[in-house]
Structures are given as structure tokens and as C-alpha cells.
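Structure at a glance
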Amino acid sequence: MGRSRRTIPEELLLLALDPATGTTAQPQTLDLGLAGAQLVELSLAGRIAPDGDRIAVVLARPTGDPTLDHALELLRRRGSPVRASHWIGGPRLGLRQTYLAHLERCGMVTAVAGQVCGVLPTTRYQASDDCTNAAIKQRLDTAIRTGVPPDPRTAALAALAHAVGLGKHLYPGNEGRSSRSRLRDLIRYDPLGGMVAHAVMDVQNGLPVQQSRTAAPPAGRPATGRPVAARPPAGGRAVANRVGVR
């Protein structure tokens, strides 16, 4: 996998990075979104694929991206397909910090040491290229504004941004309400991204895994077969229950 294109986990984290504070929005749910973004990226890379209502490894060859390859190896070690919600809710905390360190190594962000209240050490992160962040956001803006079906990568990114509650960060206030609604609706343009996004919301809302959830719905339909609007936005709620990988 070449480095000419940013991965969906990288883009999701860059979207969440607040340029004013150097911190990430929705830190409690971002780990779940990053785990889901890894599944979508591995699928686009041809390493995993839906298997009924589960995810299966179809090609164990490394991608060349160390964070994705670690996830791929963990999936391979399972030995059998796993439900997306079981994988996303598994005990793999710290993906946000893992990806911040990864982005720093790749030169996409710069770590700035500081102190809280002049005593406690802290680290803030600044995007190394503001144009990069602006370009990522512009893709979402264009899809929202024009109504033209986005490419699968943009649709999956939009679905995951909605799932972890980034809508209010990207489109704040009453004036951003319609944009937040349209961001949510972009979920229908990528079935796999939609399935993963719904799994992220299920885990953070503490909902049980639904046996009827399918992994490969017809094109243009949400992965659950239900209207997308029926599921409430994540809203940044803390994880109520983490389901272990089975």
C-alpha cells in the first residue's frame, strides 16, 4: 500500500483533531471509530471481506502499513470470521494514541509538549499541513452540498465520522444542523462502511449484537436493511459496554 493516499483511520483522526486546542474531539468513542476504520481500509485493500454477518480474512499478505498490518494479524489469529461489533468492541484500547504516534512518525502531525495548570505534563498535536486537513473536510463538504454520491472512501469516512459523533465538531451550532443530517445520510452510499458504522454505534450504545445483521446488503441500501435515520446519532456518548471478541 503506497503512502500517496492517506488511510481512512488516518483521515478520521485528522478530522477529529482540533487545530485550536491540539486535542481530539470525541476521545471516548474515537478508539471505536478507528477500529472500524481499520476494517474498512483492510477491506478496500482486499485483505478482508464480508462473510455473511461476519468479517473474514481473505488475504493475509501485509499491506505495508504497520498499524493496519497489526490489525490484520490479530484478525488472522482469530482463525474464523468475526462479527464487526465484536471486533470493534474488543479490548484493544489506545488506538487513538497509537495513531497519533503513527501520524507523528509519518510527519502528518507535530507533537507539542506542555503543562496543565503549570504542573501536569501534556502533549498536544498540531497538523503539519493545514491544507491536508482542509482537503479532507472539503471532500465531506462537497458530498453534503452537492448530493452527488461520494466515492466509497469518502462515504465510509462520513459514516464513521457520524458514528463517533464528530458531526457537531465538524458542523457546529444550529447553522450546522442540516449538514449534520446530510453527513448521517451519506452512510447509505457504502454498504460495508455503513455496516461498520452501525457496529460502532451498537458498541458505544451498549446494544446487543443482532444476529440478523447482514454484511453485504444490496448496493445503495444501509447494511442493516433499516432506514438510516431510525438510528439516533452517537452524540459522543461514552462506551456503555465493551463486547469482547468471540
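Residues numbered from 1 in each chain as written. Predicted model: local features only at pLDDT ≥ 70, side-chain atom pairs only at ≥ 80, totals over all residues. Heavy atoms only, no water.

Let's shift gears to the overall build of the chain. Within the chain one finds ten helices and four strands. Residues classed as buried in the chain amount to 47% of the 246 residues present. For the chain, the share of sequence-separated contacts (at least 6 apart) that also reach a separation of at least 24 residues comes to 70%. Per element, the accessible surface of the chain, about 11,200 Å² overall, is 54% carbon and sulfur. (Helix = DSSP H or I, 4+ residues; strand = E, 2+ residues; numbered from the N terminus. Buried < 20%, exposed > 50% of the residue type's maximum accessible area, 1.4 Å probe, protein only. Contact = heavy atoms within 4.5 Å. Areas by Shrake-Rupley, 256 points an atom, 1.4 Å probe, with all protein chains shown as cover.)

Below, the discussion takes up the nonpolar core. Ranked by internal contacts, the top residues of the largest apolar core, which has 60 residues, are L12, L39, I88, L140, L160, L166 and V196. Setting aside residues no more than four positions away along its own chain, L12 makes contact with L30, G33, L34, A37, L157, L160, A161 and L166. (Core = buried A, V, L, I, M, F, W, Y, C linked by side-chain atoms within 4.5 Å.)

In this section: unusual backbone geometry. With phi around 50°, Q26 is a residue other than glycine that occupies positive phi space. Considering the arrangement of structural elements, one finds Q26 in the loop between α1 (8-16) and α2 (27-44).

This next bit is on α1. Where burial is concerned, most of α1 is hidden: nine out of the nine residues are buried. Of all the residues in α1, the buried ones are I8, P9, E10, E11, L12, L13, L14, L15 and A16.

A word on the pairing of strand β2 (residues 54-57). In terms of strand pairing, strand β1 (residues 48-51) meets β2 through four bridges, oriented antiparallel. Bridge assignment links A49 to a residue of β2, and that residue is A56. Where β1 hands over to β2, the hairpin turn is made up of two residues, of which G52 adopts a positive phi near 65°. (Pairing = 2+ DSSP bridges.)

Now for helix α6 (residues 130-146). Its 17 residues give α6 an end-to-end C-alpha distance of 24 Å, which sits within 8% of 24 Å, the value for a rise of 1.5 Å per residue. Two residues or fewer past α6, G147 is found with a positive phi of approximately 75°. (Expected span 1.5 Å × (residues − 1).)

The next point concerns the packing of α6 against helix α7 (residues 152-163). The contact between α6 and α7 brings their axes to 10 Å, and the two run at 90°. On the basis of their axis angle, the class for α6 and α7 is roughly perpendicular. Taken together, the residues of α7 that come into contact with α6 (itself represented by I136, R139 and L140) are R153, T154, L157 and A158. (Axes fitted to C-alpha atoms, helices over the stretch in contact; angles between N-to-C directions. Parallel < 35°, antiparallel > 145°, perpendicular 65-115°, else oblique.)

So, on to the packing of α2 against α7. Here α2 crosses α7 at 165°, and the two axes come no closer than 10 Å. By the criterion of interaxial angle, the relationship of α2 to α7 is roughly antiparallel. Crossing angle aside, the handedness with which α2 passes α7 is right-handed. Contacts between α2 and α7 pair G33, G36, A37, V40, E41 and L44 from the former with R153, A156 and L160 from the latter. Considering only residue class, the contact of α2 with α7 consists of five nonpolar, two polar and two charged. (Left-handed = near helix turned anticlockwise from the far one by under 90°. Nonpolar A, V, L, I, M, F, W, Y, C, P; charged D, E, K, R; others polar.)

Our focus in this paragraph is the pattern of salt bridges. As enumerated under the stated definition, the model contains nine salt bridges in all. Across the salt bridge formed by R83 and D53, the nearest N and O atoms sit 3.4 Å from each other. On the criterion of sequence distance, the pair formed by R83 in the loop between α3 (66-78) and α4 (84-88) and D53 in the loop between β1 and β2 is long-range, its members being 30 residues apart. A salt bridge links K137 to D141; the nearest nitrogen and oxygen atoms lie 3.2 Å apart. (Salt bridge = Lys/Arg side-chain N within 4 Å of Asp/Glu carboxyl O.)

Attention shifts here to the side chain of E41. Its location among the elements puts E41 in helix α2. Taking the relative accessible area as the measure of exposure, E41 reaches 3% and is therefore buried. Engagement of the side chain of E41 in a polar contact is seen with the backbone nitrogen of I8, the distance being 2.8 Å. (Polar contact = N/O pair within 3.5 Å; in protein donor to acceptor, adjacent residues only side chain to side chain.)

With respect to the secondary-structure elements, A71 resides in helix α3. On the accessibility criterion, A71 (3% relative accessible area) is buried. Measuring from C-alpha to C-alpha, the distance between A71 and L42 comes to 8.8 Å, with 29 residues separating the pair along the chain. Here A71 is in contact with Q38, L42 and W87, once residues within four sequence places are set aside.

So, on to the environment of Q97. Locating Q97 in the fold gives a position in helix α5 (residues 95-105). For the pair Q97 and D31, spaced 66 residues apart in the sequence, the C-alpha separation amounts to 8.9 Å.

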